[in-house]
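As a plain string of letters, each chain reads:
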Amino acid sequence: MALEIVRVPVLSDNYVWLVHDPVSGDTVVVDPATSDEVQAEAARRGWTISQIWNTHWHGDHVGGNEAIKAATGCRITGPKGEAEPIPGMDMAVGEGDIARIGGLTAQVWDVPAHTGGHIAYYLPDAGAIFVGDTLFAMGCGRLFEGSPAQMFTAMQRLAQLPGETAVYCAHEYTLSNGRYALHVEPDNAAVTARMAEVEIARAANEPTVPTTIALERATNPFMRAGSIEELAKRRAEKDNF
Ligand code: ZN
Ligand code: FE
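Since we're looking at a predicted model, the values are computed, not measured. (Residues numbered from 1 in each chain as written. Chains lettered and ligands numbered in written order. Predicted model: local features only at pLDDT ≥ 70, side-chain atom pairs only at ≥ 80, totals over all residues. Heavy atoms only, no water.)

So what about the overall build of the chain? Which residues, and what values?
Each helix and strand in the chain was counted, giving 8 helices and 14 strands. Its C-alpha atoms give the chain a radius of gyration of 17 Å, within 12% of the compact-globule value 18 Å for 241 residues. Considered along the principal axes of its C-alpha atoms, the chain spans approximately 50 × 40 × 30 Å. Evaluated residue by residue, the chain yields a buried proportion of 50% over its 241 residues. (Helix = DSSP H or I, 4+ residues; strand = E, 2+ residues; numbered from the N terminus. Rg over C-alpha atoms; globule rule 2.2 N^0.38 Å. Buried < 20%, exposed > 50% of the residue type's maximum accessible area, 1.4 Å probe, protein only.)

Take a look at the structure:
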């Protein structure tokens, strides 16, 4: 049976992901910004949180770690290469390591750029990747600790995944990202069509993620950047757009 993946919206624009394996009962929380809403959603579904997977050290990704661990005794897996500690971390992982949910394997990718040790969790058998603040719908994370070259490498690597791969990012930034994407490529019909849908969804306060790799290849100005220099220019321009 397939994994069940549930979005928990918290704070102003964060998405926490609850990932449940119905066979084993294993339930992973990806990047718990907070604890109360996440635990309430798990309880409502009758799920027991057994693990937390963090992608990077920022407070809006680890803020719920300690409270959830105290309440459930869950095991926390996080990036080993970060400048700041991950609260309550039991297992530090990086490129080439794996994490497990039930019988499924997540491959850990190093995708430094937004932070120095940022990681992603790719589950090939589920067709899903949890990217934290690296790739967003029509956007990418800000370069707080890394370089345009690192983000370019991450975008190119993500673009190689199968097009149908579902991309679970940690924020609802799509409207703002899409306005910038239209500025970069005013004649890109895929961006225009997507923005029409995004505007309707957001006006109804509906989410626009997960996205897919195919959709990002067609519409994301950072994945579509042809060089490090082009990505750098777009990232700097978007910072003040
Ligand atoms: Zn962040
Ligand atoms: Fe964030």
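Having seen the structure, we can now continue with the description.
For the packing of aromatic side chains, give the residues involved together with the corresponding values.
Under the defined criterion, the tally for this structure stands at 8 aromatic pairs. Centroid distance W53 to Y121: 5.0 Å. Interplanar angle 20°. Geometry classified as stacked. Of this pair, W53 sits in strand 4 (residues 51-53) while Y121 is found in strand 9 (residues 119-123), placing the two residues 68 residues apart along the sequence. Both residues of the pair, W53 and Y121, count as buried. What links up through ring pairs into an aromatic cluster is the set Y15, W17, F130 and Y168. Over the ring of W47 we find R45, and its NZ or CZ is 5.4 Å from the ring centre. Above the face of the W109 ring, R157 is positioned so that its terminal group lies 3.9 Å from the ring centre. (Phe/Tyr/Trp six-rings, centres within 6.5 Å; stacked < 30°, edge-to-face > 60°. Lys NZ or Arg CZ within 6 Å of the ring centre and 35° of its normal.)

Explain the side chain of T115 to me, using residue names and the numbers behind them.
For T115, the location among the structural elements is in the loop between strand 8 (104-110) and strand 9. With a relative accessible area of 0%, T115 lands in the buried category. Separated by 3.3 Å, the side chain of T115 and the backbone nitrogen of H118 make a polar contact. If we skip the residues at most four places from it in the chain, T115 touches H56, W57, H58, E82 and E145. (Polar contact = N/O pair within 3.5 Å; in protein donor to acceptor, adjacent residues only side chain to side chain. Contact = heavy atoms within 4.5 Å.)

Lay out the coordination of the zinc ion (ligand 1) in plain terms, naming residues and giving numbers.
Looking at the zinc ion (ligand 1), one finds its protein donor set to be H56 (NE2), H58 (ND1), H114 (NE2) and D133 (OD), positioned 2.2 to 2.3 Å from the metal centre. Because the angles between the 4 donor atoms bound to the zinc ion (ligand 1) fall within 86 to 174°, the donor set is best described as irregular. All donors to the zinc ion (ligand 1) come from one chain, and their sequence spacing reads H-x1-H-x55-H-x18-D. Taken as an interatomic distance, the gap from the zinc ion (ligand 1) to the iron ion (ligand 2) is 3.2 Å; D133 donates to each of them. You can see H58 sitting in the loop between strand 4 and helix 2 (59-62) and its partner D133 sitting in the loop between strand 10 (128-132) and strand 11 (135-136), a full 75 residues away along the chain. On the basis of relative accessibility, which here comes to 4%, the residue D133 falls in the buried class. (Donors = N, O, S within 2.8 Å, 3.2 Å for Na, K, Ca; no water. Tetrahedral: all angles 85-135°; square planar, octahedral: opposite > 155°, others 65-115°.)

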